[in-house]
Amino acid sequence: MKILDRNEDVHQFRDDILTLSGEDASSCVQCGKCTGSCPIALEMDLKPSQVLRHIQLNSRKTVLECSTIWLCASCETCSSRCPEKIEIATIMDTLRKMAIEEGLATGQKQVVDFDRIFLDSIKRHGRVHELGLVMRYNMASREPLKDVHLGPLMLGKGKISLLAHKIRERTTVKEIFRQSRRFLGK
Ligand code: SF4
Ligand code: SF4
């Protein structure tokens with residue numbers, strides 16, 4: 001008879017994150033400095049320190065379905081304050097990718113759409129083309145005319161442009177995206 005190994009999968013979530021990001025959530029001592037310094041913590045359903053705790057507890061679904069990972073602005077304030085030197089912003093980024101890949105970002109469709117379109121714009125042009133971003137996002141949200149009245153005003157003030165400004169080193173940016181896919185094993 002097979003004896004159940006209670007530790008068999010108990011660290012699976014933490015280990016997956018470690019493999020993908022190089023960050024070990026088990027180092028977290030729950031000091032709360034990340035939560036205390038996060039400018040968006042008040043809006044989050046799980047505070048950054050709670051995300052780390054849930055990772056330690058192998059609560060994969062709870063973490064990958066929370067709004068926190070999509071609200072995180074990657075400002076890295078938490079990372080700079082962490083006494084254990086955990087790159088929390090990197091973990092958040094990894095969690096976003098995992099949530100998409102595992103189909104658990106369904107409650108955050110608008111944020112996921114924005115994330116995808118934003119990154120695609122950078123991949124193509126080397127920087128964001130704001131007008132293209134807004135148009136594609138509006139189409140994805142099925143609100144093609146949303147804020148359309150602001151377009152002429154912003155064009156007139158030079159805040160957005162009709163054509164994308166492409167950077168010279170676009171091949172370098174594309175290579176970064178290619179390396180990222182390889183890193184994530186895609
Ligand atoms: S990187 Fe994200 S979690 Fe960390 S302080 Fe900034 S917004 Fe908060
Ligand atoms: S600052 Fe670092 S050690 Fe403290 S709770 Fe946040 S992740 Fe854990």
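None of the values given here were measured: they were computed from a predicted structure.

Q: Explain the packing of helix H8 (residues 109–125) against helix H9 (residues 130–140) to me, please; I cannot follow it from the model alone.
A: Helices that pack against each other are described as a pair by the angle of their axes relative to one another and the distance between those axes. It is the contact of H8 with H9, at a shortest axis distance of 10 Å, that shows an interaxial angle of 145°. As H8 runs across H9, the sense of the crossing is right-handed. Touching Asp 113, Phe 114, Ile 117, Phe 118 and Ser 121 of H8 are Gly 132, Leu 133, Arg 136, Tyr 137 and Ala 140, all from H9. Of the residues contributing to the contact of H8 with H9, the split by class is 6 nonpolar, 2 polar and 2 charged.

Q: What should I look at first to understand the nonpolar core in this one?
A: Most often, soluble globular proteins have nonpolar side chains that are buried together. One finds Ile 55, Ile 88, Met 92 and Leu 95 to be the most contacted residues of the largest nonpolar core, which totals 26 residues. Put simply, the parts of the chain that give this core at least two residues each are helix H1 (12–21), helix H3 (48–56), helix H4 (60–64) and helix H7 (88–101). By residue number, the principal contributor to this core is H7, which donates 7 residues. The contacts of Met 92, once residues within four sequence positions are left out, are Ile 69, Cys 72 and Ser 74.

Q: Please explain the packing of H1 against H7 as it appears in this structure.
A: Relative orientation of the contacting elements H1 and H7 amounts to 105°, with a least axis distance of 10 Å. For the element pair H1 / H7, the angle class is roughly perpendicular. Residues Ile 17, Leu 20 and Ser 21 of H1 touch H7, and the partners they reach there are Thr 90, Ile 91 and Thr 94. Along the lines of polarity and charge, the residues of the contact of H1 with H7 split into 3 nonpolar, 3 polar and no charged.

Cut-offs used in this document
Residues numbered from 1 in each chain as written. Chains lettered and ligands numbered in written order. Predicted model: local features only at pLDDT ≥ 70, side-chain atom pairs only at ≥ 80, totals over all residues. Axes fitted to C-alpha atoms, helices over the stretch in contact; angles between N-to-C directions. Helix = DSSP H or I, 4+ residues; strand = E, 2+ residues; numbered from the N terminus. Left-handed = near helix turned anticlockwise from the far one by under 90°. Contact = placed C-beta atoms within 7 Å. Nonpolar A, V, L, I, M, F, W, Y, C, P; charged D, E, K, R; others polar. Core = buried A, V, L, I, M, F, W, Y, C linked by C-beta atoms within 7 Å. Buried ≥ 20, exposed ≤ 12 C-beta atoms within 10 Å, placed from the backbone. Parallel < 35°, antiparallel > 145°, perpendicular 65-115°, else oblique.

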